[in-house]
Amino acid sequence: MIKKGAKLILRPPRHIYNLENIPPCTIFEGDEIDRTAVTFSNDRGDTLPGSYYCLKNFVPKENEKKTCIIYLHGNASNQLEGRFLQYLFIPVGISLFCFDFDGCGCSSGNSVSLGYYEQNDVKCAIEMLKKQFNIEQFLLWGRSMGAAVSIMVANQLKNDKCIKAIVADSAYSSVKNLVKCLGKERNVPAWIAKILYKRVRERIIKKNKFDLNEVSPVDSISNVTIPIFIIHGNDDHFVPKKNSELLYAQSPAKIKELRIVKGEHESHRPVAVLQE
């Protein structure tokens, strides 16, 4: 049971796709959006594929900093999840970067860590975008695991000041709290869930060299003062909405919003909310 519990965390279903099927360009309201295929490495030496989207022949205004929004997908997803943001940001001059986290999609890794190692993936992506595309400032938009990662990375890079805002959709407040919520949702006695979590955590520390207790966006968010927009589905039974309510309550940001919308964990969000 302990081995199976660890596997559920480290090796969720992997959604592999054909990179060649991603179109090199799309047309939106008469404008051509170009896609540049990118690969980069993280600090563990794994290769992560991504896509950089921008308006064809786009030239920023004089003295205007080049801005890119990075989409961070969920633990059982891939870069294709974030393509919808093309139509929200690129028409206003903000480029988009989507990529596969290590262990997801077409990356070369074999496991995920629910945010621990994924933070490094994002930092490596940021450095690559700075060097290869001359991006100067970033926005982060994350879903589920990606939302948790966006908060933790913003905390790590707060002194760099290159991240200007976050959208966190369906974030968990911590892995420990997520396991507690899942156990309660499935009527697992709290004392059993506590023991199982302890043993799974110990196994992952020994085998995979990271501590689940260190994946805690609720601790990170107390140091994040940039604007944050938090979204959560009212009927989310995988990551209950109280996770986002707790994150919102702990956020010291002067500009912060919480939107509880209709839908479940994987539901499409209302267009009006996305456009806010």
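For the structure, check the block above.
Owing to the predicted nature of the structure, the values given are computational and were not obtained by experimental measurement. (Residues numbered from 1 in each chain as written. Predicted model: local features only at pLDDT ≥ 70, side-chain atom pairs only at ≥ 80, totals over all residues. Heavy atoms only, no water.)

Okay, the pattern of salt bridges next. Evaluation of the coordinates by the stated rule reveals 10 salt bridges. Among the salt bridges present, the one from Arg201 reaches Asp211, with a minimum N-O distance of 2.7 Å. A residue pair is termed long-range when its members are at least 10 positions apart, and Arg201 in helix H6 (residues 190-208) and Asp211 in the loop between H6 and helix H7 (217-220) qualify at 10 residues. Residue Asp211 is classed as buried on the basis of its relative accessible area, which comes to 14%. Each of Arg44, Asp102 and Asp121 takes part in a single network of salt bridges with overlapping partners. (Salt bridge = Lys/Arg side-chain N within 4 Å of Asp/Glu carboxyl O. Helix = DSSP H or I, 4+ residues; strand = E, 2+ residues; numbered from the N terminus. Buried < 20%, exposed > 50% of the residue type's maximum accessible area, 1.4 Å probe, protein only.)

A few words now on the nonpolar core. By size, the foremost hydrophobic cluster in this structure holds 60 residues, and its most contacted members are Phe40, Ile70, Phe97, Phe99, Val122, Leu129 and Tyr172. When residues of this core are assigned to their parent elements, the largest contribution, 8 residues, is made by helix H4 (residues 145-156). The contacts of Phe40, once residues within four sequence positions are left out, are Asp46, Thr47, Leu48, Phe97, Phe99, Asp121, Cys124, Ala125 and Met128. With 21 residues, the next largest nonpolar core counts Ile94, Cys98, Ile231 and Val261 among its residues. (Core = buried A, V, L, I, M, F, W, Y, C linked by side-chain atoms within 4.5 Å. Contact = heavy atoms within 4.5 Å.)

All right, on to a positive patch on the surface then. A cluster of basic residues, Lys3, Lys7, Arg203, Lys206, Lys207 and Lys209, forms a positive patch at the surface. Looking at the positive patch, the elements that each hand over two or more residues are helix H1 (2-10) and H6. The leading source of residues in the positive patch is H6, at 3 residues. Here Lys7 shows up in helix H1. Residue Lys7 is classed as exposed on the basis of its relative accessible area of 55%. (Patch = residues over 30% accessible without salt bridge, like charges linked within 9 Å, V, L, I, M, F, W, Y side chains within 5 Å. Areas by Shrake-Rupley, 256 points an atom, 1.4 Å probe, with all protein chains shown as cover. Lys, Arg positive; Asp, Glu negative; His and termini not counted. Charge placed at Lys NZ, Arg CZ, Asp CG, Glu CD.)

Right, let's talk about the pairing of strand E6 (residues 137-143) for a bit. Where burial is concerned, most of E6 is hidden: 7 out of the 7 residues are buried. Burial along E6 is two-sided: the face carrying Gln137, Leu139, Trp141 and Arg143 and the face carrying Phe138, Leu140 and Gly142 are both buried. Handedness of the E6-H4-strand E7 (residues 163-169) crossover: right-handed. (Right-handed = clockwise from strand over helix to strand, strands pointing away.)

Quick look at unusual backbone geometry now. If a residue is not glycine, its phi is most likely negative; likewise, a peptide bond is most likely trans. Positive phi outside glycine occurs at Leu114, with the angle close to 60°. Relative to the elements of secondary structure, Leu114 occurs in the loop between strand E5 (95-99) and helix H3 (118-133). Judged by relative accessible area, Leu114 falls into the buried class, the value being 8%. In the Ramachandran plot, Asn134 falls in the positive-phi region, its phi being about 60° despite a non-glycine side chain.

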